[in-house]
Amino acid sequence: MDNKLSEHAKEVIDQWLKIYPADQKRSAVLAALREVQHENNGFLTTDLMDAVADYLGLPKIAVYEVASFYSMFEIQPVGRHSISVCTNISCMLCGADEIVAYIEKKLGIKTGESTKDGRYYLKQEEECLAACCGGPMMMVDHKFYENLSPEKVDEVLDKLE
Amino acid sequence: MTDDLITIEVDGKPLQARKGQMLIQVTDKNDIYVPRFCYHHKLSVAANCRMCLVEVEKAPKPLPACATPVVDGMKAYTRSKLAVEAQKAVMEFLLINHPLDCPICDQGGECELQDLAMGYGRDVSRYQENKRVVKDKNIGPLVQTDMTRCIHCTRCVRFGDEIAGVRELGATGRGEHMEIGTYIEKSMVSEMSGNVIDICPVGALTSKPFRFSARSWEMVQKDSIAPHDSVGSNIHVHIKDDRVKRVVPSENETINEVWLSDRDRFSYEGLYSDDRLLSPMIKEDGAWKDVDWETALQYVTDRIQTVKKKTGADNIGALVSPAATLEELFLLQKFMRGIGCHNIDHRLRQRDFSDQDVAPIFPWLGQSIADIEKRDAVLLVGSNVRKEQPIINHRLRKATLRGCNVLVVNPVDYDFNFNIPVKIIVPPTDLPYTLAGILKAVAEQGGRKPDDADFIKLIERTNINDKHREIARKLSESKQGTVLLGNLAVAHPQFSTIRALAGAIAKLANITLGYLGESANSSGAWLAGALPHRKPAGQRSDKTGLNAFSMLEASLKAYVLLGIEPELDCWDGSKAMQAMKSAEFIVCMTAYHSEAIKSYAHVLLPIALFAETSGTYINNEGRSQSFNATVSPSGEARPAWKILRVLGNLFNLNGFNYNTSIEVRDEIQNLISNLVPGNEGRWEIPVSLPTGNGNLQRITDIPMNSIDPITRRAHALQQTMDVADGMVHVNALLARQLGLSAGSRVLVRQEECSVELPVMLDERVPERCVLVHAAQSCHASLGPSYGDITLNKV
């Protein structure tokens with residue numbers, strides 16, 4: 001999947017397009033990027049963004065803007081499994097910083113980096129993930145893990161391929 | 001519309017406003033200044049800089065004047081304590097990240113941020129944090145970026161979206177990391193990109209060619225008229241030490257609004273090219289030497305007299321640039337006719353002159369430039385208007401945004417920055433046939449027939465298809481439609497047929513016919529009489545001289561050239577070159593001494609260029625605009641009208657005692673003041689429609705930044721994409737048939753000429769066609785702009 005959209009991605013985008021007015025194709029850009037990123041091991045390339053722009057009839061820069069704005073889109077190659085530790089106020093008070101430090105040490109990377117083997121990506125999470133009652137928490141590949149301890153982190157991360 | 005008028009009060013003053021206007025539009029109109037960065041009256045409202053916050057009665061918080069619609073009885077205060085505090089607070093935020101590098105910033109002295117910081121800023125910052133730094137981007141040869149200075153007003157982003165029609169810049173990232181740029185390394189391709197320099201309120205986007213060459217307060221601003229297309233955009237020339245430092249637009253709502261094409265903005269660099277001719281020169285025994293003016297002009301007089309005596313005045317020909325001033329064109333024809341010669345022409349890139357006697361008084365746009373945006377259907381024939389007349393294209397684009405259908409019949413599938421509902425791309429030979437099809441479809445749909453039996457006969461056997469019908473329908477249904485003939489139509493070998501068919505379409509569909517002129521005086525030259533068959537003001541000449549093409553074909557004994565490079569600027573480059581080389585005497589009134597010119601000319605007379613001379617341009621809509629010189633001519637150069645005046649006197653001709661160019665202009669104005677432009681009925685009905693012979697055909701176009709000697713020498717413009725590229729453009733299908741691929745070399749043959757060139761795959765070119773640009777050295781080695789061409793793989 002180098003520079004064009006897969007048939008499946010097109011089908012998904014077409015589904016989304018159905019719910020928007022025909023002259024408002026740009027409404028589908030978030031859904032389109034999400035699908036395309038998912039199919040491309042969790043990150044977007046310029047070629048893929050261009051393909052989405054062409055498919056939706058948008059200026060390329062309009063797609064770059066969206067992809068670079070939203071933190072759920074990765075515009076650089078990253079590891080297979082995305083780990084986001086919430087460090088906003090509630091989680092921070094519950095010890096999120098120690099969890100981040102533990103993961104950094106465990107994986108040998110800083111936030112914003114991926115492991116050399118391409119297995120993990122420790123995302124710099126800037127926003128509250130809305131699970132304050134279970135802090136500290138992290139999201140791994142779209143799944144929430146709450147009330148974290150170093151042991152629980154090990155258990156979650158070690159299971160990943 | 002009185003119902004729509006309401007009264008509001010600003011700073012205690014009652015003001016009239018229209019419903020739905022934004023507060024800032026009302027204050028601007030009434031000279032009440034509200035500070036702003038993101039608001040621009042030609043762009044949509046973004047309301048993201050917040051600098052225009054004002055106090056509005058009954059509103060709990062200050063409101064942005066740019067995004068607050070007026071309501072009846074509204075009371076606003078622009079200078080109240082609340083308003084000024086809000087403005088000052090916004091300024092403090094804007095300055096948090098803005099670098100304090102005004103002393104090395106080109107915008108310094110004309111910077112909106114600097115000005116407002118003087119009025120609203122504190123003298124010290126309360127912020128200790130590091131300032132944000134943004135890496136600069138290379139977005140091409142014209143616009144310099146210093147993105148650390150950007151305050152995210154997004155004017156440039158909206159400009160691309162709304163005015164240029166190509167969204168090239170955007171805001172990527174967010175919050176602290178938001179950046180304005182192209183995201184990927186990419187040059188801006190818009191032909192209007194330079195306007196972002198003007199609308200950028202800070203020094204983030206500045207002029208690359210102008211960079212670090214002067215401070216705004218050191219320069220003097222003088223008004224002039226842009227010399228490259230037939231629009232006549234109003235410009236300010238900025239001068240320091242008697243040198244043009246830059247050109248910026250001057251606002252004229254009826255012509256260029258606040259915009260300027262890149263060609264008009266950056267061509268001034270050509271004034272100071274290395275090959276600028278600085279003194280008169282004479283070739284003696286093959287060697288060039290500088291001489292004084294007296295010697296040079298006496299020499300010219302003697303030599304022309306000799307040719308005249310020996311072979312008659314008919315053996316002399318004058319070719320003049322359509323970008324010459326009205327005064328120059330007029331005096332040259334007066335001089336030529338004075339010595340008994342009618343061989344004078346400015347239509348260098350035209351081939352078909354067969355209907356010149358019935359042509360309109362001048363090729364008129366058929367409407368005002370401003371009216372173009374009111375059109376509801378436009379048929380463009382043979383035009384790359386976006387690059388050829390960018391300002392007219394902008395009006396067309398505005399029309400399309402209001403629902404106008406722009407329909408295209410072109411020999412090349414040019415890129416437009418608006419939607420084209422129907423386009424027909426055909427080889428040049430099929431162009432007349434296509435128009436005949438549209439004419440027939442218009443006739444069928446309207447249930448009418450062309451008035452003339454000859455037309456009926458002509459289109460009788462034409463086959464029409466759905467596209468013809470669709471175009472015909474849109475034209476017939478329009479109430480304010482127009483047919484516009486572009487540069488490629490004028491250069492077409494059957495221009496008269498195209499003109500007649502387009503005229504008949506316009507007449508039958510009850511819409512206007514207009515011509516898009518190529519150059520600043522393409523209209524003025526007709527009125528000045530720089531034509532072999534007509535004297536000034538369209539008066540018939542008793543004797544018809546040779547037209548621009550025939551003059552070259554006839555290989556005359558002597559040529560008088562004004563402001564042109566014939567081998568680059570004429571329809572048939574090699575014929576031009578041969579004619580020049582075989583002539584006994586050539587006097588070049590030129591600003592440049594190129595190798596080519598030096599190879600064939602015998603005398604070089606240095607002339608002043610557009611910013612260096614006074615004169616007049618008559619634009620495409622017939623508007624006469626005079627201008628003064630803004631700087632002294634380079635070296636010994638003189639305005640061409642003065643050179644012609646002296647020549648007239650040396651030949652003892654009557655009526656050459658002018659003191660100023662204004663006297664010349666007034667003489668012409670007296671002649672033309674009562675003329676009414678009109679394109680109706682100004683054509684001859686052709687007897688048959690041309691058809692292709694199956695051979696490969698050449699198509700020629702002239703990229704916008706290669707159009708004339710000045711632009712060809714403007715350094716930055718020459719680095720853009722819009723220059724002659726020395727390549728043979730063919731589509732992939734033809735390339736495959738001929739066994740060619742991108743970059744492979746071919747021997748290109750036309751008539752007796754041949755030259756080896758690299759191939760470029762270009763899907764815009766129709767089948768069995770080969771596009772080669774004019775205005776480049778290979779043009780001089782090739783034959784006609786249109787006609788048979790062969791390609792042989794090397």
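A brief look at the structure comes next.

The rules we used
- Residues numbered from 1 in each chain as written.
- Chains lettered and ligands numbered in written order.
- Predicted model: local features only at pLDDT ≥ 70, side-chain atom pairs only at ≥ 80, totals over all residues.
- Heavy atoms only, no water.
- Axes fitted to C-alpha atoms, helices over the stretch in contact; angles between N-to-C directions.
- Helix = DSSP H or I, 4+ residues; strand = E, 2+ residues; numbered from the N terminus.
- Parallel < 35°, antiparallel > 145°, perpendicular 65-115°, else oblique.
- Contact = heavy atoms within 4.5 Å.
- Buried < 20%, exposed > 50% of the residue type's maximum accessible area, 1.4 Å probe, protein only.
- Polar contact = N/O pair within 3.5 Å; in protein donor to acceptor, adjacent residues only side chain to side chain.
- Phe/Tyr/Trp six-rings, centres within 6.5 Å; stacked < 30°, edge-to-face > 60°.
- Lys NZ or Arg CZ within 6 Å of the ring centre and 35° of its normal.
- Buried area = accessible area lost by both parts, 1.4 Å probe.
- Nonpolar A, V, L, I, M, F, W, Y, C, P; charged D, E, K, R; others polar.

In this section: the packing of helix H4 (residues 155-164) of chain B against helix H10 (residues 390-401) of chain B. All names here are of chain B. Look at H4 against H10: their axes get within 10 Å of each other, and the N-to-C directions meet at 80°. Our classification of the angle between H4 and H10 gives roughly perpendicular. Residues Asp-161, Glu-162 and Ile-163 of H4 form the contact with H10, whose participating residues are His-394, Arg-397 and Leu-401.

Let's shift gears to the environment of Ile391(B). Residues and elements named next belong to chain B. Along the chain, Ile-391 falls in helix H10. Ile-391 sits in the buried class, given a relative accessible area of 1%. Once residues within four sequence positions are removed from consideration, Ile-391 is found in contact with Met-192, Val-231, Ser-233, Ile-255, Asn-256, Trp-259, Leu-260 and Ser-261.

The next subject is the side chain of Arg167(B). Note on placement: Arg167(B) falls in the loop between H4 and strand E7 (170-172). On the accessibility criterion, Arg167(B) (16% relative accessible area) is buried. A polar contact of 2.7 Å, which involves the side chain of Arg167(B), links it to the side chain of Glu65(A). For Arg167(B), the side chain forms a polar contact with the main-chain oxygen of Leu169(B), separated by 3.2 Å.

The next thing to look at is the packing of aromatic side chains. Summed over all chains, the structure comprises eight aromatic pairs over all chains. Residue placement shows Arg174(B) over the ring face of Phe69(A); its charged tip is 5.2 Å from the ring centre. Across from the ring centre of Phe656(B), 5.5 Å away, lies the NZ or CZ of Lys334(B), which sits over that ring.

What follows concerns the interface of chain B and chain A. Taken residue by residue, the interface counts 14 residues in chain B and 13 residues in chain A. Between chain B and chain A the total buried area reaches about 1,100 Å² when both faces are included, carbon and sulfur atoms providing 55% of it. It is Arg167(B), Arg174(B) and Tyr183(B) that lose the most area in chain B upon contact with chain A, and together they represent 62% of the buried surface on that side. Applying the counting rule to chain B against chain A returns five residue pairs in polar contact (both at pLDDT 80 or more). Counting residues per element, the side of chain B that touches chain A draws most heavily on E7(B), at three residues. Per-class residue counts for the side of chain B that touches chain A are five nonpolar, six polar and three charged.

Read these as layout, nothing more, since geometry by itself doesn't imply function.
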